[in-house]
Amino acid sequence: MLLYNDLFLNKEEVHISHEDRGYYFGDGVYEVFRIYNGKIFETEKHLQRLKRSCEEIQIQFPYTIEEINDKLLQLVQKSFVHEGTLYLQITRGVAPRSHVIPKDIKPVVLAYCNEVNRPLDKMQSGIKAITQEDIRWLRCDIKSLNLLPNTLAKQNAVNHSAEETIFHRDGVITECSASNIMIVHDGEIHTHPVNHLILNGVTRAVVLKLAAKAGFPIKEHPFDLKQLNRADEVFITGTTVEITPIISIDQLIVSDGKPGKITRELQNLYEKLITS
Ligand SMILES: Cc1ncc(COP(=O)(O)O)c(C=O)c1O
């Protein structure tokens, strides 16, 4: 079952034009939502970010937040997904190929759900990461369909038997190929501030709120590769990875090579939140 513009269709019934600007230019934006227990997690935050992404690239947001919310709830119900993800993208629309943004074209909306289990094993044991220069554009706050640098970076991690790539700009850590990153140093949580260099992660915001409530000191400021390598704990946050510990970086073990105490505590708080 797919949501295609205003219609709920089977996948055989959906036909995307070769002139869709998403296909030519990656001219569109997207969101990935988590579904827990048949309900969409943090819908409002995702939809507000989607609307903002549209505005930043001058795509007319085709619905009100309430209208799109209602459509997504219907989609989840019709898809019978209990635990999984919801993917939603909006492209600028269909027009003959031209770099100039055409006037008066209608955005194309596509959404569907998948049954996906939580990555409990990785959350428990942690994952390996590598580092790489952040070669993306300077508007990483827009959740754009243009993900070539991200997919290349993820593949680079896989080629090095790792699971995630940590980006840095001239040594300053920004985020990862598909997640935000936090480190713990002397009991303090450090993460890059929200600006044009990172995606304002929904999970990042949820985790920082939980951490603040639990009384952990938080510093939203840039930190560098040296601080990363000296960190007591390192973890990533994201809708599908939740809070996943990093246990080695560029083949160097983080601390004792096990997920850290604060990371575990935050995972427990997150677990309580999503099951409440
Ligand atoms: C580059 C990047 N940063 C951060 C995130 C985490 O964002 P969120 O917690 O909203 O899923 C993602 C998620 O896909 C991402 O692609």
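Remember, it's a predicted structure, so these values are computed and weren't measured experimentally.

Criteria and thresholds
Residues numbered from 1 in each chain as written. Predicted model: local features only at pLDDT ≥ 70, side-chain atom pairs only at ≥ 80, totals over all residues. Near = placed C-beta within 6 Å. Helix = DSSP H or I, 4+ residues; strand = E, 2+ residues; numbered from the N terminus. Nonpolar A, V, L, I, M, F, W, Y, C, P; charged D, E, K, R; others polar. Buried ≥ 20, exposed ≤ 12 C-beta atoms within 10 Å, placed from the backbone. Domains from an automatic or database assignment. Contact = placed C-beta atoms within 7 Å. Pairing = 2+ DSSP bridges. Axes fitted to C-alpha atoms, helices over the stretch in contact; angles between N-to-C directions.

1. Some details on the site of the ligand
Lining the immediate environment of the ligand, one finds 14 residues, of which Leu199, Gly201, Val202, Thr203 and Thr239 sit closest. Counting only elements with at least two residues in the shell around the ligand, the list comes to helix 6 (202-213) and strand 13 (233-238). Considering each element in turn, the shell around the ligand owes the most residues, 3 residues, to helix 6. A per-class count over the shell around the ligand returns 4 nonpolar, 8 polar and 2 charged.

2. Side note on unusual backbone geometry
A positive phi angle, close to 55°, is found at Asp104, a residue other than glycine. Counting through the fold element by element, Asp104 comes out in the loop between strand 5 (84-91) and strand 6 (108-115). Overall, Asp104 belongs to the exposed group, with 7 C-beta atoms counted inside 10 Å. Notably, Ser255 is not glycine yet its phi reads approximately 50°, a positive angle. Position of Ser255 relative to the elements: it lies in the loop between strand 15 (252-253) and helix 8 (261-275). Taking the number of C-beta atoms within 10 Å as the measure of exposure, Ser255 has 14 and is therefore partly exposed.

3. Here we look at the domain arrangement of the protein
By domain assignment, the protein separates into domain 1 (2-115) and domain 2 (120-275). Spacing between the C-alpha centres of domain 1 and domain 2 amounts to 26 Å. Where the side of domain 1 that touches domain 2 is concerned, the elements lending two or more residues are strand 3 (28-36), helix 2 (43-56) and strand 5. If you tally residues by element for the side of domain 1 that touches domain 2, the top one is strand 3, at 8 residues. Looking at the side of domain 1 that touches domain 2 residue by residue, the classes come out as 7 nonpolar, 7 polar and 6 charged.

4. Comments concerning the environment of Cys176
Assignment of secondary structure puts Cys176 in strand 9 (residues 172-176). Judged by the 28 C-beta atoms lying within 10 Å of it, Cys176 falls in the buried class. Considered as a pair, Cys176 and Asn150 are 26 residues apart in the sequence and their alpha carbons are 8.3 Å apart. If we skip the residues at most four places from it in the chain, Cys176 touches Glu164, Thr165, Ile166, Phe167, Ile181 and Ile236.

5. Notes on the pairing of strand 14 (residues 242-249)
Most of strand 14 sits inside the fold, with 7 of its 8 residues counted as buried. Pairing of strand 7 (residues 127-133) with strand 14 involves 3 bridges; the strand directions are parallel. The residue of strand 14 that forms the bridge with Lys128 is Ser248. Note that strand 13 and strand 14 share 4 bridges and pair antiparallel. Counted as the bridge partner of Thr237 is Ile243 from strand 14. Taking the residues that link successive antiparallel strands as the turn, the strand 13-strand 14 hairpin has 3 residues.

6. Considering the sheet that holds strand 4 (residues 39-40)
Within the open sheet, the 6 strands sit side by side as 2-1-6-5-3-4. Their pairing is antiparallel. What marks the edges here is a single partner per strand, and that holds for strand 2 (7-9) and strand 4. Here 2 bridges tie strand 3 to strand 4, and the two strands are oriented antiparallel to one another. Along strand 4, the bridge assignment pairs Ile35 with Ile40. Packing of helix 2 onto the sheet brings it into contact with strand 3, strand 4 and strand 5, and relative to strand 3 it is tilted by some 175°. Together, strand 1 (2-4), strand 2, strand 3, strand 4, strand 5 and strand 6 form the strand contacts of helix 3 (residues 65-79), whose direction differs from that of strand 6 by roughly 40°.

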